[in-house]
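# What the coordinates show
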Amino acid sequence: MRTLLIAGLLACASAASADTVSVETATGTAEVPASPETVAVFDVAAIDTISALGQPIAGVPQPLYIDRLEAATEGAEPVGTLFQPDFETLAVMQPDLIVVGGRSSAQAEALEQIAPVIDMTIWGDGMVEQAKARIDAYGEIFGRQDAATELSAALDAKLAEARETVAGKGNALILLTNGGKISAFGADSRFGWLHGALDLPEAHPGLSSESHGQAVSFEFLAETDPDWLLVIDRGAAIGAEGEAAAATLDNPLVARTKAAQQGHIVYLDAAPLYIAGGGAGAMMHTLDEIVAAFTPDEG
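Now for a quick tour of the structure. (Residues numbered from 1 in each chain as written. Predicted model: local features only at pLDDT ≥ 70, side-chain atom pairs only at ≥ 80, totals over all residues. Heavy atoms only, no water.)

A separate point is the overall build of the protein chain. Looking only at helices and strands, one finds 15 helices and 12 strands in the protein chain. Compactness check: the protein chain gives a C-alpha radius of gyration of 21 Å against a globular reference of 19 Å for 299 residues, within 12% of the reference. For the protein chain, the spread of C-alpha atoms along the principal axes amounts to about 70 × 40 × 35 Å. Buried positions account for 49% of the 299 residues belonging to the protein chain. For the protein chain, restricting intrachain contacts to residue pairs at least 6 apart in sequence, the fraction spanning at least 24 positions comes to 62%. (Helix = DSSP H or I, 4+ residues; strand = E, 2+ residues; numbered from the N terminus. Rg over C-alpha atoms; globule rule 2.2 N^0.38 Å. Buried < 20%, exposed > 50% of the residue type's maximum accessible area, 1.4 Å probe, protein only. Contact = heavy atoms within 4.5 Å.)

Time to look at the pairing of strand 12 (residues 265-268). A one-sided burial pattern is seen for strand 12, the buried positions being Val-266 and Leu-268 and the unburied ones Ile-265 and Tyr-267. Here 4 bridges tie strand 11 (residues 228-233) to strand 12, and the two strands are oriented parallel to one another. Along strand 12, the bridge assignment pairs Ile-232 with Leu-268. (Pairing = 2+ DSSP bridges.)

For the pair helix 7 (residues 145-166) and helix 15 (residues 280-294), interaxial distance at closest approach is 9 Å and the crossing angle is 25 degrees. With respect to helix 15, the element helix 7 is oriented roughly parallel. In the crossing of helix 7 with helix 15, the sense of the turn from one axis to the other is left-handed. Across the interface between the two elements, Leu-151, Ala-154, Leu-155, Lys-158, Leu-159, Glu-161, Ala-162, Thr-165 and Val-166 from helix 7 touch Ala-280, Met-283, Met-284, Leu-287, Asp-288, Ile-290, Val-291 and Phe-294 from helix 15. Class assignment for the residues of the contact of helix 7 with helix 15 results in 13 nonpolar, 1 polar and 3 charged. (Axes fitted to C-alpha atoms, helices over the stretch in contact; angles between N-to-C directions. Parallel < 35°, antiparallel > 145°, perpendicular 65-115°, else oblique. Left-handed = near helix turned anticlockwise from the far one by under 90°. Nonpolar A, V, L, I, M, F, W, Y, C, P; charged D, E, K, R; others polar.)

For the structure on display, the rule yields 4 salt bridges. Residues Asp-288 and Lys-158 are paired through a salt bridge, measuring 2.7 Å at the closest nitrogen-oxygen approach. Taken together, the residues Asp-288 in helix 15 and Lys-158 in helix 7 connect sequence positions 130 residues apart. Lys-158 gets classed as partly exposed once you look at its relative accessible area, which sits at 24%. A salt bridge links Lys-258 to Asp-225, with the shortest nitrogen-to-oxygen separation between them at 3.0 Å. Remark: Asp-225 occurs in the loop between helix 9 (218-224) and strand 11 and Lys-258 occurs in helix 13 (residues 258-261); sequence separation between them is 33 residues. (Salt bridge = Lys/Arg side-chain N within 4 Å of Asp/Glu carboxyl O.)

The final tally for this structure, using the stated rule, is 2 aromatic pairs. Pairing Trp-228 with Phe-294 gives two aromatic rings, centres 3.7 Å apart and planes at 20 degrees, and the pair type is stacked. With Trp-228 in strand 11 and Phe-294 in helix 15, this pair connects stretches of sequence that are 66 residues apart. Classification of Phe-294 by relative accessible area gives buried; the value is 2%. (Phe/Tyr/Trp six-rings, centres within 6.5 Å; stacked < 30°, edge-to-face > 60°.)

The subject of this paragraph is the nonpolar core. Side chains that are nonpolar tend, in soluble globular proteins, to be buried together. If you look at the biggest cluster of nonpolar residues, it comprises 67 residues, and the most contacted ones within it are Val-99, Tyr-138, Ile-141, Trp-193, Leu-194, Leu-198 and Leu-230. Looking at this core element by element, the count peaks at 8 residues for helix 15. Listed in part, the 15 residues of the second largest apolar core include Leu-175, Leu-229, Ala-245 and Val-254. (Core = buried A, V, L, I, M, F, W, Y, C linked by side-chain atoms within 4.5 Å.)

Peptide bonds are, in most cases, trans, and in most cases residues other than glycine have a negative phi. Put simply, Gln-62 and Pro-63 share a cis peptide bond, and its omega is -5 degrees. Structurally, the position occupied by Pro-63 is in the loop between strand 4 (59-60) and helix 3 (67-72). Here the phi dihedral of Ser-35 falls at roughly 50 degrees; this positive angle occurs in a residue that is not glycine. Within the element layout of this structure, Ser-35 appears in the loop between strand 2 (28-33) and strand 3 (39-41). Ser-35 sits in the partly exposed class, given a relative accessible area of 46%. Phi is positive for Tyr-65, close to 75 degrees, though the residue is something other than glycine. Relative to the elements of secondary structure, Tyr-65 occurs in the loop between strand 4 and helix 3.

What follows is about the environment of Asp-146. Checked against the element boundaries, Asp-146 lands in helix 7. Remark: the alpha-carbon pair of Asp-146 and His-264, spanning 118 residues in sequence, is separated by 39 Å.

What follows is about helix 7. An ideal rise of 1.5 Å per residue puts 32 Å on 22 residues; helix 7 measures up with 32 Å between its terminal C-alpha atoms. Of all the residues in helix 7, the buried ones are Ala-148, Leu-151, Ser-152, Leu-155, Leu-159, Ala-162, Thr-165 and Val-166. The buried residues of helix 7 occupy one face: seen down the axis, they fall within an arc of 150 degrees. The exposed set on the far side of helix 7, more than 90 degrees from its buried face, consists of Asp-146, Thr-149, Glu-150 and Glu-164. At its buried positions, helix 7 is contacted by helix 2 (44-52), helix 6 (127-141), helix 8 (193-196) and helix 15. At the exit of helix 7 stands Gly-168, carrying a positive phi of roughly 75 degrees. (Expected span 1.5 Å × (residues − 1). Arc of directions from axis to C-beta.)

Keep in mind that these numbers describe shape and distance, not what the molecule does.
Quick look at the structure:
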């Protein structure tokens, strides 16, 4: 029934514009409709960057997990979730372009029944470079090159400010809490740009680059003894119930670390990092948090 509905609606669609632009995507160079008017986006990082450029988005998944983006896309129509598109709603919408990435990438082939699809996943090494490449690509697609230039410059400025702020302040360990479990992330991980882009030394080099980090113990934290702990609470990021990060780290072994004794345990806003990693606004939000945490309290 769903296939027949989609086919029937597509048969009534007007011919798409022949004008295209060539942009880099996660799967290589792609020809994309130029200045698409109706766009559905299934990646929170993409929604973040596209909305930062001032481009309206017609369809977004729900929930988005980030209040700022919920407000920015208030007029958009719900078109499923990050993992499962609503194909019937999309077929009625008849978007000119669909953007997937990360959690929604597996749906790219199915969504091509409805409209041109690009995969704009941001992952792994070179997160900042990938984020800036996406800014440039969206600027080309939507004819918002000037806004893209300004957004890239703003991101560069935030990076420079954060890099200067953390310089000489010691090493750091990035920690993800998930209920009562903890895992650590190094420079080659999904959160590793906080080390590489900011020249922030790793407290424990050589950690696994697995997507869920390297499972560690509280004894590991005590032995590593970082100057700073940068904490991401997965449960808070996805709105799950369970033990909060602060409760998880309320532990005698953690309390003995330099980070704890110096008041250097930083609980970062989790959703921008965990859900919208690589989004321009999300990255700048995290950088603002880093600057605030590493700036000495003059009081």
